[in-house]
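Observations on the model geometry
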Amino acid sequence: MLTRQRRRLYAKIAVLAGLCVGAAFAGLPVVWMLSTSFKTNGEVFQVPPRLITDNFSFDAYAKILGDAAQLRFFINSYIVALSVTVLTLFVAILAAYGFSRYNFPMKRSINAVIVTVQAVPPITLVIPYFGLVVGLGLYNTYPGLILTHMVFTLPYAIIMMTAYFNTLPRELDESVKVDGASSWTALWRILVPISVPGLVAVGVYTFMISWNEYLFALTLTRTDDMRTVPIGIQLLMGQHSYEWNQMMAMSILGSIPVLLLFLLFQRRFIGGLTSGAVKA
Amino acid sequence: METAKLDPAASPGAPPPAAESAAGRRRSTRPFPVQRVVPFGYLSPTLILIFVLMIIPIAMVVSYSFKDNVIVEQNPVFAGLANYTTVLTDPNFLAALKNTFIFITLSTAAHLGLGLAFATMLNSPLLGGVTKAIFRIVYILPWLFTVAVIAVIWRLMLDPSGVVNYILTTIGVLRAEVSWLSDPNMALWALTFINIWAGFPFFMISILAGLQGISPVLYEAASVDGATAFRQFRNVTLPQLKPVLLSMAVLDLIWTSQQFALIWMTTGGGPLNVTEMLSTYTYKQAFSSYEFATASAAAVIVLLLTMILAVFYVRLQKER
C-alpha cells in the first residue's frame, strides 16, 4: 500500500516537473516582453540580463500613449474589429437560421462552399482584392478592410451559429409562429436572446481574428492614419532604430483587448472553439 | 451595414410573414414557392458576400495568371501558360516550395507532439483543478498574441546579444553568439521554432477536449486487465484521439502553409532566400516587383496545393 502511495507521489512530481518545463517554454518569452517594456532602452541588452532593472519605469508606455500617431493605430483597430464583429454576427445569425431551420435545394453544396472558403489562402485572395478594392475606390479606407476581414470571420461564425441553433428545439420558434408571428420575429425575439452565450463566443473569436489580421491591413491601406495595431508595431520596428522598450510596451497595449476578452470568456470560448474546429 | 441590413429586411423579413401563414392556410395544395424562397432570403447576405469576396476574386486571379501586365497596365494581353512556366522554372519558387514543405511538416509534427504531451499532463488525475487551470492559462498565452507581437518578442529574444544567446553561452551549449535570424544556416530552424511556440496551444486545447471526451469506462476496463499507464495511453488514448489528431494535423498543415506575417516580420524570406516561403514569394512578386501576373500564377498554384489538403480534410471529417 505504501509503495503504491509513493509511486503516486513520484508520478505527481514527474507530471508537475514536466508541466513546469512546458510553462517556462510557453511563458518566459511573455515575461521577458513584459520585463523589457519597463526598462530603459540602454538596459535592454545589459549583461547579465535582469528581470527588473534599476530604472524600472512606465516611460515606454507613457511615450506610446502620449503619441497621437500611435493612438491612431488603436482607434483604427477598434473601429475595424468592432465593425467586423457586428456585421459578421448579423450576417451569420441570418445564415445560421436558414441552415438550421429550413431545407432547401443545394443546402449541402452551399454548406460545403462555406466550409471550403476557410481553406482558401489569404495570399491567393490578396492580389485580386487589391485590384477590386482599388477599383471600387475602397483602397486605404475602413470599409475596404472591414469587408475583406469578413472573408475570414464569416464562415466560422456561420458554422458555429448553425451548430448553436441546432441545439435549440424547433418548438421554440414554432410556438411563436403559431401565434401568427413571422419567422423573422421568431428569430430575433426568441432565438437570438437565448443564444447570447454562443454569440459571445463567436463575437470574441471574430474580434480576435480581425484585431490580429496583418496581410490585408498591410496591402489594402497606405497611409499611417489608416494603419491598424499589427502594422503599427511593425512600423515602430523601422521608424525608431529599435526602441525595444517602446516596441514591447506597444505590443502589450495592443494585446490587452484580446487578453481581456479571453480571460473574461475563457470557458465559453474554449468550449466553442474546440467544438467548432474539430466538428466544422 | 446599409446593404447588409437592407437585403434580408427586404426579402425574407417583410413579405414572408403574410405569405407564410397564407400558405399554411391553403394547406399543402400549392407547392408554396414563397416558402422555398425564405431560406434563400436569410442566406442572401452570405451568398452575396461569398460571391463578391470569393468567387469573383478567384476568377480574377485565375484570369490574371493567364495574362501579361495585369493591374499595372490598362490593356493586359493573353499570355497562355507563360506565367506558369516562369514561376515553375524560377529557382526561388522551387526553393520556396522546399522551405514551405520543411516549415509546415516540422511545425505540424512538433505541434502534435507538444500538444499531446501538454494535454496529457494537464488531464492527469493526479493534479488538482486549480493547478491545472493556472497551467492551462500559461500554456494558452502564446496563442493569444498577434503574429506581429510574436515576431517582435522573438526578435528581441533571438537578437545576437539577446537573452537566448546569453543563456546558451553561459551554460556552455554555445561557444559563440549566434545570429539566429540572419545566419543562413540557422534562420529556417529559428523561424520554425518560433512558429512551433506560437501554434501549439491550439492543438493542446483541442486535444484536451478530445481527452476529456474519452469514456472513463475504457480506462477502467484497461486497468482491470492490468494494463500499465503506457499501454493505456497506446491502446486506449491514441486510438480514441486518432480522428481528432488527424484532422488537426491536416488543418495545421493548411494554416501553417498560409503563414505570412511571421515570416515577413522576422526574416522577410531572407537571408539568401533560406526562409522564402510560397506566401512571401507570391507577396514579393506582387507588391515588391509589381509582377502581378506571375504572382497570380504562383497564387493559383498555392490555391491548388491547399485545395488538395482541404479535400483530404473534408474526407477525414466525413469518415468520422
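Each chain has its residues counted from 1, running along the sequence as written. Lettering for chains starts from A, numbering for ligands starts from 1, and both go in the order in which the items are written. Restriction of local features to residues with pLDDT of at least 70 applies here, the model being predicted, together with a cutoff of 80 or more for giving and counting side-chain atom pairs; totals for whole chains, interfaces and linings are based on all residues. For side-chain calculations, the full set of non-hydrogen atoms in the structure is used, while hydrogens and water are omitted.

Glancing now at the interface of chain B and chain A. The contact definition used throughout considers only heavy atoms, calling two residues in contact when any of these lie within 4.5 Å. Counting residues at the interface gives 94 residues for chain B and 95 residues for chain A. Taken as a group, B:Tyr42, B:Leu126 and B:Leu156 account for 9% of the area that chain B buries against chain A, more than any other trio of residues on that side. The term salt bridge refers to a side-chain nitrogen of Lys or Arg lying within 4 Å of a carboxyl oxygen of Asp or Glu. At the surface where chain B touches chain A, the tally comes to 0 salt bridges. In DSSP terms, a helix is any run of H or I states spanning at least four residues, a strand is any run of E spanning at least two, and both are numbered starting from the N terminus. At 20 residues, helix α3 (residues 33-65) of chain B tops the list of elements feeding residues into the side of chain B that touches chain A. Of the residues belonging to the side of chain B that touches chain A, the class tally is 73 nonpolar, 15 polar and 6 charged. Summed over both partners, buried area is the accessible surface (1.4 Å probe) that two parts give up on being assembled. When residues are grouped by polarity, Ala, Val, Leu, Ile, Met, Phe, Trp, Tyr, Cys and Pro land in nonpolar, Asp, Glu, Lys and Arg in charged, and all others, Gly among them, in polar.

A few words on the packing of aromatic side chains. Put simply, two rings from Phe, Tyr or Trp (the six-membered ring, in Trp's case) pair if the centres are within 6.5 Å, and we call them stacked under 30 degrees between planes, edge-to-face over 60, tilted for the rest. In total, this model carries 41 aromatic pairs over all chains according to the counting rule given. Centre to centre, the rings of A:Phe25 and B:Phe193 are 5.9 Å apart; their planes meet at 80°, and the pair counts as edge-to-face. Of the two residues, A:Phe25 is situated in helix α1 (residues 2-37) and B:Phe193 in helix α9 (residues 187-212); the pairing between them involves two chains. What makes A:Phe25 partly exposed here is its relative accessible area of 22%. Type-normalised accessible area, obtained with a 1.4 Å probe on protein chains alone, sets the label of each residue: buried when under 20%, exposed when over 50%, and partly exposed for intermediate values. Residue classification places B:Phe193 among the partly exposed residues on the basis of a relative accessible area of 36%. Judged by centre distance (4.6 Å) and plane angle (20°), the ring pair of B:Phe118 and B:Tyr139 falls under stacked. Here the residue B:Phe118 occupies a position in helix α5 (residues 91-122), and B:Tyr139 occupies one in helix α6 (residues 129-144), the gap between them amounting to 21 residues. One exposure class covers both B:Phe118 and B:Tyr139, and it is buried. By way of ring pairs, the aromatic residues A:Phe130, A:Tyr139, A:Tyr214, B:Phe260, B:Trp264, B:Tyr283, B:Phe287, B:Tyr290 and B:Phe292 are connected into one cluster. Geometrically, a lysine NZ or arginine CZ counts as sitting over a ring once it is within 6 Å of the ring centre and also within 35 degrees of the ring normal. A cation over a ring is seen here: A:Lys39 above A:Trp32, with NZ or CZ 4.0 Å from the ring centre.

Residues and elements named next belong to chain B. Where a domain begins and ends is set by an automatic assignment or by a domain database. Parsing chain B into structural domains produces domain 1 (2-65) and domain 2 (85-319). On the domain 2 side, the residues contacting the 5 residues of domain 1 number 6 residues. Between domain 1 and domain 2, roughly 390 Å² of surface is buried when both sides are summed, and carbon and sulfur atoms account for 81% of that area. The three residues of domain 1 that bury the most area against domain 2 are Val61, Tyr64 and Ser65, which together make up 75% of that side's buried surface. At the junction of domain 1 with domain 2, the criterion picks out 0 salt bridges. Counted by class, the side of domain 1 that touches domain 2 contains 4 nonpolar, 1 polar and no charged residues.

Let's shift gears to the confidence of the model for chain A. Detail in the predicted coordinates should be disregarded across regions flagged by low pLDDT. On average, chain A scores 88 in pLDDT, and the residues at 70 or more come to 94%. Between residues 276-280 of chain A, whose pLDDT stays under 50, and residues either more than four places distant or in other chains, the model counts 17 contacts. The predictor attaches a confidence to each residue, and that confidence, scored 0 to 100, is pLDDT.

Residue placement: B:Val52 occurs in helix α3. Judged by relative accessible area, B:Val52 falls into the partly exposed class, the value being 28%. B:Val52 sits 103 residues away from B:Arg155 along the chain, and the two C-alpha atoms are 38 Å apart. Discounting chain neighbours no more than four positions away, the residues touching B:Val52 are A:Leu132 and B:Pro57.

On to the domain arrangement of chain A, then. Residue and element names in this part refer to chain A. According to the domain assignment, chain A consists of domain 1 (2-37) and domain 2 (61-279). Computed over C-alpha atoms, the centres of domain 1 and domain 2 are 35 Å apart. The contact between domain 1 and domain 2 buries some 460 Å² in all, and 80% of this surface belongs to carbon and sulfur atoms. Three residues, Met33, Thr36 and Ser37, lead the burial of domain 1 against domain 2; their summed loss comes to 89% of the area buried on that side. Run the count over domain 1 and domain 2 and you get 0 salt bridges. What qualifies as a polar contact is a pair of N or O atoms within 3.5 Å, subject to a donor-acceptor requirement within protein and to the restriction that residues adjacent in sequence count only when both atoms come from side chains. Applying the counting rule to domain 1 against domain 2 returns 1 residue pair in polar contact (both at pLDDT 80 or more). When its residues are assigned to classes, the side of domain 1 that touches domain 2 shows 2 nonpolar, 2 polar and no charged.

Glancing now at the confidence of the model for chain B. Considering every residue of chain B, the mean pLDDT works out to 85; 89% of them sit at 70 or more. Predicted confidence is poor over residues 1-29 of chain B, with pLDDT under 50, and the contacts of this stretch with residues over four places away or in other chains come to 33 contacts.

This part takes up the packing of helix α12 (residues 244-264) of chain A against helix α7 (residues 147-157) of chain B. Look at α12(A) against α7(B): their axes get within 10 Å of each other, and the N-to-C directions meet at 150°. With respect to α7(B), the element α12(A) is oriented roughly antiparallel. The handedness of the crossing between α12(A) and α7(B) comes out as left-handed. In this structure, α12(A) contributes A:Trp244, A:Met247, A:Met248, A:Ser251 and A:Ser255 to the contact, and α7(B) contributes B:Val149, B:Val152, B:Ile153, B:Arg155 and B:Leu156. The residue makeup of the contact of α12(A) with α7(B), split by class, is 7 nonpolar, 2 polar and 1 charged. As a rule, the C-alpha atoms of each element are fitted with a line to give its axis, helices using only the stretch in contact, and angles between N-to-C directions run from 0 to 180 degrees. For classification purposes, an angle smaller than 35 degrees is called roughly parallel, one larger than 145 roughly antiparallel, one from 65 to 115 roughly perpendicular, and anything else oblique. For any helix crossing, the convention is left-handed if the near helix is rotated counterclockwise from the far helix by under a right angle, and right-handed if that rotation is clockwise.

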